[in-house]
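Summary of structural features
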Amino acid sequence: MEACRRDVLKKSLSKILTRYYPLSRRIKEDSFIIDCNDDGVDYLETRLHNNCRPVSEFIQHPNVHLLKQFLPFNPYSSESSSEFSFESGFNSKVFLVVQVSLFDCGGMAIGVCISHKIADASSLTTFINDWCHGTGPRFDDLRSLFPPRDIMGYETESKIKREEIVTKKFVFKAPKIAELKQRSIIGCSTFIWKHFIDVDQVKEGVVASAARVYMGSHTVNMRTRIVPPLPTNSIGNMYCAAIALSIINGNPENDQDKEDHQYSNLVGKVRDAIRKIDSDHVRELQTIDALLNSMKPMEEGVSSGQT
């Protein structure tokens, strides 16, 4: 039975890759051009023996740190680091990597990683859905809007301070989930942003009188914001960061500080930032200068740690 399932998985992956053909190729060294070599993707299988918990326990009591073992590499490492390399001959130059973890109980976990050089989160979701249902993607839509350009001089390496990253899972009971559903996504993300500001203001090391700039970043899928809208199965990087800023001067008696920090005001800032990403904004991003300039605020905010 297990061998049959593994065989079906491999055959279905091979079949869907004929439609997602760029994922089977490699990017040329020191360039932004995909080499049509059809080298394929990396696929590996691992087995978790009896000393490991059954798959049902991971589903019922998920642990973020333990779940990382089902991915082929550390998701928080950069592509230039040793943590990104794969064991047993797997390499970091591929666009797609699949790891199948087999449990003695008969369960199976499938981890999929895709390179951000060729696809965004929406593209990854589309790929997984298409892998399940056998449908196909569209590659030409985004290529016609954003043809290859020389961006020499732009530093593509992420500046996230990786040693400070903390991943946590929060479990909400049914009444709280019902309450959250009454709020919009903007409201929920602003709620998190406001409490991040609150924590930063009171933590040790923050000078009360010093001004602090807080950046709230909301990822926006631009496929639906261009006129006419792009199909949801358009593959590539078609997202933009909507950036809202809040400046807190650190003076509790300052009326402007109080107003700027109010939840309703922060919601307005986030909503306005997202509203600006419209069809006109997407057209502006089609020029190389506008595209690179749009990335700088996000890069600077991440580098400063105030995102």
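The coordinates are above.
So, here's what we can say about the structure. (Residues numbered from 1 in each chain as written. Predicted model: local features only at pLDDT ≥ 70, side-chain atom pairs only at ≥ 80, totals over all residues. Heavy atoms only, no water.)

Quick notes on the pattern of salt bridges
Counted according to the given criterion, the structure contains nine salt bridges. Across the pair K194 and D198 runs a salt bridge whose closest N-O atoms are separated by 3.3 Å. Within this pair, K194 and its partner D198 are both found in helix α7 (residues 185-202), separated by four residues, close to a single helical turn. Overall, the relative accessible area of 18% leaves K194 in the buried class. Linked by salt bridges that have partners in common, R6, K10 and E45 make up one network. (Salt bridge = Lys/Arg side-chain N within 4 Å of Asp/Glu carboxyl O. Helix = DSSP H or I, 4+ residues; strand = E, 2+ residues; numbered from the N terminus. Buried < 20%, exposed > 50% of the residue type's maximum accessible area, 1.4 Å probe, protein only.)

What about the nonpolar core?
Core analysis: the biggest nonpolar cluster contains 23 residues, and W193, M222 and M238 have the highest contact counts within it. Among the secondary structure elements, those contributing two or more residues to this core are α5 (140-145), α7, β6 (212-221), β7 (239-248) and α9 (263-275). Considering every element that reaches this core, the biggest residue donor is α9, with five residues. Apart from the residues lying within four places of it in its own chain, the contact partners of M238 are D120, L142, L145, F146, V220, N221, M222, R223, L230 and V282. Among the nonpolar cores identified, the runner-up in size contains 20 residues, and Y43, V100, W131 and F139 belong to it. (Core = buried A, V, L, I, M, F, W, Y, C linked by side-chain atoms within 4.5 Å. Contact = heavy atoms within 4.5 Å.)

Focus: the sheet that holds strand β3 (residues 42-48)
Pairing within the open sheet is mixed, and its three strands lie in the order β3-β4-β5. Either end of the sheet is taken by a strand with one partner, and the two such strands are β3 and β5 (108-114). This sheet shows a mean twist of 15° between the axes of neighbouring strands, independent of strand direction. Running at roughly 160° to β3, helix α1 (residues 2-17) makes contact with β3, β4 (96-103) and β5 of the sheet. Lying on the sheet, helix α4 (residues 121-133) is in contact with β4 and β5; it crosses β5 at an angle near 140°. (Pairing = 2+ DSSP bridges. Axes fitted to C-alpha atoms, helices over the stretch in contact; angles between N-to-C directions.)

Looking at the packing of α7 against α9
Direction vectors running N to C along α7 and α9 enclose 125°, while the axes themselves pass 9 Å from each other. Our classification of the angle between α7 and α9 gives oblique. Here α7 and α9 pass one another in a crossing that is right-handed. Contact residues: α7 offers I186, G187, T190, F191, W193, K194 and I197, while α9 offers Y263, L266, V267, V270, R271 and I274. Among the residues forming the contact of α7 with α9, the class breakdown is nine nonpolar, two polar and two charged. (Parallel < 35°, antiparallel > 145°, perpendicular 65-115°, else oblique. Left-handed = near helix turned anticlockwise from the far one by under 90°. Nonpolar A, V, L, I, M, F, W, Y, C, P; charged D, E, K, R; others polar.)

With respect to the packing of α1 against α4
A packed helix pair is summarised by two numbers, namely the angle formed by the two axes and the spacing between the axes. Their axes nearest at 9 Å, the elements α1 and α4 cross at an angle of 120°. With respect to each other, α1 and α4 are oriented oblique. Crossing of α1 over α4 shows right-handed handedness. In this structure, α1 uses L9, S12, L13, I16 and L17 to contact α4, whose residues at the interface are F127, D130 and W131. Looking at side-chain class alone, the contact of α1 with α4 contains six nonpolar, one polar and one charged residues.

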